[in-house]
Amino acid sequence: MQFIQQITENKHERYTRSHQIGEGTFGVVYKGLDTKTGQTVAVKKIKMGKLENGISFSAVREIKVLQELKHPNIIDLVDVFLYKSNVYLVYEYMDTDLYEVIRDQSLLLSTADVKGYMKYILEGVEACHHNWVLHRDLKPSNVLVSRNNDVKLADFGLAKVFGSPDKRYSPQCITLWYKPPELLYGANLYGPTVDMWSIGCIFAELMLRRPFLPGNNDLDQLGKIFQGLGTPTDSDWPDMRSLPNFIEFDEVPKPNLKQVFTAATPDAIDLISKMFTFDPNKRITAKEALSHPYFSNQPKPTAPHDLPLPKKVFETESASASKTIVASTTLTVPQPSRVSSTSKVLNFDDISNAGDDSLNLSTISALSGSTLNESLNHSHLVDDVEVPDIGTPFPYSVEKRRRSEDGDEEMENEDNEFMNGERPPVRRKLAM
């Protein structure tokens, strides 16, 4: 019934689209206009023909997360509707991203400017963690910025609700350059501090104006981390040797970070050191970071309306259209109050019948209606199915999302075998 209701609303007539601004495996993104409000929007058309039974289930996970999170520093999805067997998602329009800010060498980022960007990023992340959500893919290209100087987190395709005791998650998340060492070592018991390592990498990139730890693969990434931050000892990280894929590296002394970040203030060095703590149990949280003296000491963080933006944001539409950044790279939806692990589920018989990796159109229609706030209990969501890469014009990610649809099951079986003593850990000493 609700499917028919959505069709008869003719929402497709409300949004006009101009030019294409992004394309991925499962969708095309256009710059558009909401004719009812006059607001510029980004309209994403999901290519239903690419899947046999519907939309990847990881897309529905992003629906669940964004419909539960509503914050000034988190991307907003304006609308979602169906038309001619396609799903359309309408996002608020964002002009650029933090990657463009960092790589624009004509921009001078002062200490106050770096503080400002970091403050608004941390406020968005703290809102996620406060509501029991891990982002699991924080990087500069997933921090969007508008010409109104709004700074917002985007791309929640890998996000996960956390908090269940002994709940195991796949380590196959987070783009390689921003991935913490515990995930590189195969940890599947982790929490919000994995996001804090990524924020430390973003912090370093803002100060250096280049990636801090650009590895080529998991092993090389560990080498880059230990070269840049020193090799952790057993006292630094007591649980390190118990991780499934632990490999011992030659000892590298801990460097003086002041010599790496030469323009950084002492409080900035202290904060980034706490973000780069090897033991995740001792790593600083987003809430603690926001209370760090770095943000209260002079100079104060730059106000949002004074943050520097790339020149392309102010160029004419025709000159900058092909380089415009959109709201997200996967499926998202409405805007609610907070995540509740006890929220009631609508009816997941349709989801179960459709399989773990997809949803049919009637189910998507139900999720896009008024009952969305009562649906999508996180206990019904599968972890880490393949995530479609939709609408990101800049190939900033260096790690391909190479998970198969049943990759989590394979990972879980392997980890269970290891925990049962049937698969010995790989331990060998490597020289860097």
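Cut-offs used in this document
Residues numbered from 1 in each chain as written. Predicted model: local features only at pLDDT ≥ 70, side-chain atom pairs only at ≥ 80, totals over all residues. Heavy atoms only, no water. UniProt positions renumbered as here; feature names shortened; annotations may be inferred. Helix = DSSP H or I, 4+ residues; strand = E, 2+ residues; numbered from the N terminus. Pairing = 2+ DSSP bridges. Contact = heavy atoms within 4.5 Å. Axes fitted to C-alpha atoms, helices over the stretch in contact; angles between N-to-C directions. Salt bridge = Lys/Arg side-chain N within 4 Å of Asp/Glu carboxyl O. Buried < 20%, exposed > 50% of the residue type's maximum accessible area, 1.4 Å probe, protein only. Left-handed = near helix turned anticlockwise from the far one by under 90°. Nonpolar A, V, L, I, M, F, W, Y, C, P; charged D, E, K, R; others polar.

A.B. asks: How should I be thinking about the UniProt feature "active site" (unreviewed entry) in the protein chain in this particular structure?
C.D. replies: When the UniProt feature table is mapped onto this chain, "active site" (unreviewed entry) is found at D137. You can see D137 is positioned in the loop between strand 8 (133-134) and strand 9 (143-145).

A.B. asks: Sorry, what's going on with the sheet that holds strand 9 here?
C.D. replies: Within a beta sheet, neighbouring strands are joined by backbone hydrogen bonds and run either parallel or antiparallel to one another. In space, the three strands of this open sheet follow the order 7-9-10, with antiparallel pairing throughout. Two strands lie at the open edges of the sheet, namely strand 7 (96-97) and strand 10 (151-153), each paired on one side alone. Note: strand 7 against strand 9, two bridges, orientation antiparallel. Across the sheet, the residue bridging to T96 is V145, located in strand 9. Lying on the sheet, helix 4 (residues 111-130) is in contact with strand 9 and strand 10; it crosses strand 10 at an angle near 35°.

A.B. asks: Would you mind going over the pattern of salt bridges with me for this structure?
C.D. replies: Should the charged atoms of two oppositely charged side chains come close, the side chains can pair. With the rule as written, the count across this model stands at twelve salt bridges. Taking the shortest distance from any N to any O, the salt bridge between K64 and E68 comes out at 3.9 Å. Linking K64 with E68, this pair stays in helix 2 (residues 57-68), spanning four residues, or about one helical turn. Residue class for E68 comes out buried when judged on its relative accessible area of 4%. Put simply, E123 and K119 hold a salt bridge, and the shortest N to O gap is 2.8 Å. With E123 and K119 both in helix 4 and four residues apart, this pair spans about one turn of that helix.

A.B. asks: What should I look at first to understand the packing of helix 6 (residues 193-208) against helix 9 (residues 266-275) in this one?
C.D. replies: Helices that pack against each other are described as a pair by the angle of their axes relative to one another and the distance between those axes. Running from N to C, helix 6 and helix 9 point in directions that differ by 145°, and their axes come no closer than 8 Å. When the axes of helix 6 and helix 9 are compared, the crossing they make is left-handed. Facing M196, W197, I199, G200, F203, A204 and M207 of helix 6, the residues of helix 9 in contact are A268, L271, I272 and M275. Counted by class, the contact of helix 6 with helix 9 contains ten nonpolar, one polar and no charged residues.

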